Amino acid sequence: FSKIKKVLQDFAQQISEAILYRTLSEKEIDEYCNNLFIQLIESDVAYDVAEKIVNEIKQQLMGKKIRRGDDAKNYIDTAVEKSLEEMLKGVGTFKLMNFVKSVLAKEKPVKIMFMGVNGVGKTTTIAKIAHILKTNGFKVVVAAADTFRAGAQEQLKKHAERIGVTFIGGRYGSDPAAIAFDAIVYAQKNNFDVVLIDTAGRMHVDIDLMNELRKVARVVKPHLKLLVLDALTGNDALEQLKGFEEAVGVDVVVLTKVDADANGGAALTTIIGVGKPIAYLGVGQGYNDLIEYDPAIVLKMLFR
Ligand code: GDP
């Protein structure tokens, strides 16, 4: 996020220097804001998100009178931070642990279906969530209903062994829906609390994949359909969301690799643009590198 931070600080500096001498006119605020807009775009913030940020900041600055001698830089820093805070607060938080508990009060096992394009960090996220669930005392099964990618079964199995949760898989090319179904039956018979179902990804969203996922969803009847998106991909992530939403439906989102965005613009775009409740943000490759979505933490990352 360092580049975004610099863009915003430069903006505050620039505008505060002008304010030190006189009150800014609407025209001048427009000029500064247009400048900020271009810089945000250059830091990979998506067009409509940059527009949203700039409009918010404009609202904060318009009509506010600053007396000469007041610390304008501080004032504008605060205005910028407040605008971002408002936007980040508008993003819904989904408390996965509370959700699991609320389903368990009625039935067992809780079934969560994971979806996502290859490489976004889906397998790692399943492992991280399995780890959190286990730490919270839940009995967890992970089901590898991805029989399309050769390494998918092995990868999830290794994670399951490391974390210490039960793994259920199947042969390469076998029916993903059947594996998911087996895992649920196993969980019911053995009094498990939660079944995490991994599904196949592709390089892109395609018809075969969507038909396969629809079938898994029909057989499994998941309590929750969770889409994993890579925050580094910005607008692409938002396109992927559209594809999965139309074909299968998406309840909540996990955004991965928020730690890895040098510019900060792509991550900010995905967080603000996603329009679905966010359960977690992935902030690293380890099992503990998953944090509940919290506007205050994202702000800290932006302004650290
Ligand atoms: P999948 O193909 O979607 O299952 O993706 P994987 O789970 O195999 O992850 C792809 C790569 O992204 C791996 O190298 C992961 O360690 C890495 N990764 C996953 N989540 C995060 C994250 O939150 N931050 C960082 N920095 N890397 C991540």
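What you see is a predicted model, and the numbers here were worked out from it, not measured in a lab.

Definitions and limits used
- Residues numbered from 1 in each chain as written.
- Predicted model: local features only at pLDDT ≥ 70, side-chain atom pairs only at ≥ 80, totals over all residues.
- Heavy atoms only, no water.
- Pairing = 2+ DSSP bridges.
- Helix = DSSP H or I, 4+ residues; strand = E, 2+ residues; numbered from the N terminus.
- Axes fitted to C-alpha atoms, helices over the stretch in contact; angles between N-to-C directions.
- Contact = heavy atoms within 4.5 Å.
- UniProt positions renumbered as here; feature names shortened; annotations may be inferred.
- Near = heavy atom within 4 Å.
- Polar contact = N/O pair within 3.5 Å; in protein donor to acceptor, adjacent residues only side chain to side chain.
- Areas by Shrake-Rupley, 256 points an atom, 1.4 Å probe, with all protein chains shown as cover.
- pLDDT = per-residue confidence, 0-100.
- Salt bridge = Lys/Arg side-chain N within 4 Å of Asp/Glu carboxyl O.
- Buried < 20%, exposed > 50% of the residue type's maximum accessible area, 1.4 Å probe, protein only.
- Phe/Tyr/Trp six-rings, centres within 6.5 Å; stacked < 30°, edge-to-face > 60°.
- Lys NZ or Arg CZ within 6 Å of the ring centre and 35° of its normal.

Chemist: I keep staring at the sheet that holds strand E7 (residues 278-282) and nothing clicks. Help me out?
Modeler: Strand pairing in a sheet is mediated by backbone hydrogen bonds. Such pairs are either parallel or antiparallel. Strand order in the open sheet formed by eight strands is E3-E2-E4-E1-E5-E6-E7-E8, with mixed pairing between adjacent strands. This sheet does not close on itself; its edge strands, each paired only once, are strand E3 (166-168) and strand E8 (290-292). Along the sheet, successive strands turn relative to each other by an average axial angle of 25°, direction set aside. In this sheet, E8 lies alongside E7 in antiparallel orientation, the contact comprising three bridges. Its bridge partner being in E8, Tyr-280 is matched across the sheet by Glu-292. Strand contacts of helix H6 (residues 122-135): strand E1 (110-115), strand E2 (140-145), strand E4 (194-199), strand E5 (224-230), strand E6 (252-256), E7 and E8, with the helix running at about 175° to E4, the strand carrying the most contacts. Packing against the sheet, helix H10 (residues 235-247) makes contact with E1, E5 and E6, and its axis sits at approximately 155° to E5.

Chemist: Would you explain the UniProt feature "domain: SRP54-type proteins GTP-binding" (unreviewed entry) in the chain in this entry?
Modeler: In the numbering used here, UniProt assigns the feature "domain: SRP54-type proteins GTP-binding" (unreviewed entry) to residues 277-290. Helix makes up 0% of residues 277-290 and strand 43%, with an end-to-end C-alpha separation of 16 Å.

Chemist: Sorry, what's going on with the site of the ligand here?
Modeler: Around the ligand, 17 residues are found, and the nearest of them are Gly-119, Lys-122, Thr-123, Thr-124 and Gln-155. Between Val-120 and the ligand, the recorded distance is 3.2 Å, taken from a backbone N or O atom to an oxygen atom. Note that an oxygen atom of the ligand is positioned 2.8 Å from one of the side-chain N or O atoms of Gln-285. Protein chains shield 80% of the accessible area of the ligand, which is 580 Å² for the free molecule. No other element matches the four residues that H6 contributes to the shell around the ligand.

Chemist: Mind showing me how you'd approach the confidence of the model for the chain here?
Modeler: Chain-level pLDDT for the chain is 87 on average; 92% of the residues reach the 70-or-more range. The ipTM for the predicted assembly is 0.99, set against a pTM of 0.88.

Chemist: Help me understand the pattern of salt bridges in this model?
Modeler: Evaluated as defined, the whole model comprises ten salt bridges. The salt bridge partner of Lys-6 is Asp-10, with a shortest N-O separation of 2.9 Å. Taken as a pair, Lys-6 and Asp-10 lie in helix H1 (residues 2-21) at a separation of four residues, close to a single helical turn.

Chemist: Would you explain the environment of Leu-96 in this entry?
Modeler: In this structure, Leu-96 sits in helix H5 (residues 96-104). A residue is classified by how much of its surface remains accessible, and Leu-96, at 0% relative accessible area, is buried. Spatially, the C-alpha atom of Leu-96 lies 8.6 Å from that of Tyr-280, the residues being 184 residues apart in sequence. Excluding its chain neighbours within four sequence positions, the residues that come into contact with Leu-96 are Ile-112, Ile-129, Leu-224 and Tyr-280.

Chemist: Looking at this structure, how should I read helix H11 (residues 265-273)?
Modeler: Given 3.6 residues per helical turn, the α-helix brings residues three or four places apart onto the same face. With eight of nine residues buried, H11 lies mostly within the body of the structure. Buried within H11 are the following residues: Gly-265, Ala-266, Ala-267, Leu-268, Thr-269, Thr-270, Ile-271 and Ile-272. Downstream of H11 by one or two residues, Gly-275 has phi in the positive range, about 65°.

Chemist: Looking at this structure, I do not really get the packing of aromatic side chains. What am I missing?
Modeler: How two aromatic rings sit relative to each other is set out by the distance from centre to centre and by the angle between their planes. Inspection of every chain in the model, using the stated rule, returns three aromatic pairs. Each ring, one from Phe-37 and one from Tyr-47, has its centre 5.1 Å from the other, and the planes form 85°; the classification is edge-to-face. Here the residue Phe-37 occupies a position in helix H2 (residues 26-42), and Tyr-47 occupies one in helix H3 (residues 47-61), the gap between them amounting to ten residues. Aromatic side chains Phe-94 and Phe-99 sit 5.4 Å apart centroid to centroid with 50° between the ring planes, which places their arrangement in the tilted category. Taking the relative accessible area as the measure of exposure, Phe-94 reaches 16% and is therefore buried. In this structure, Lys-139 packs its charged tip against the face of Phe-192, placed 4.5 Å from the ring centre.

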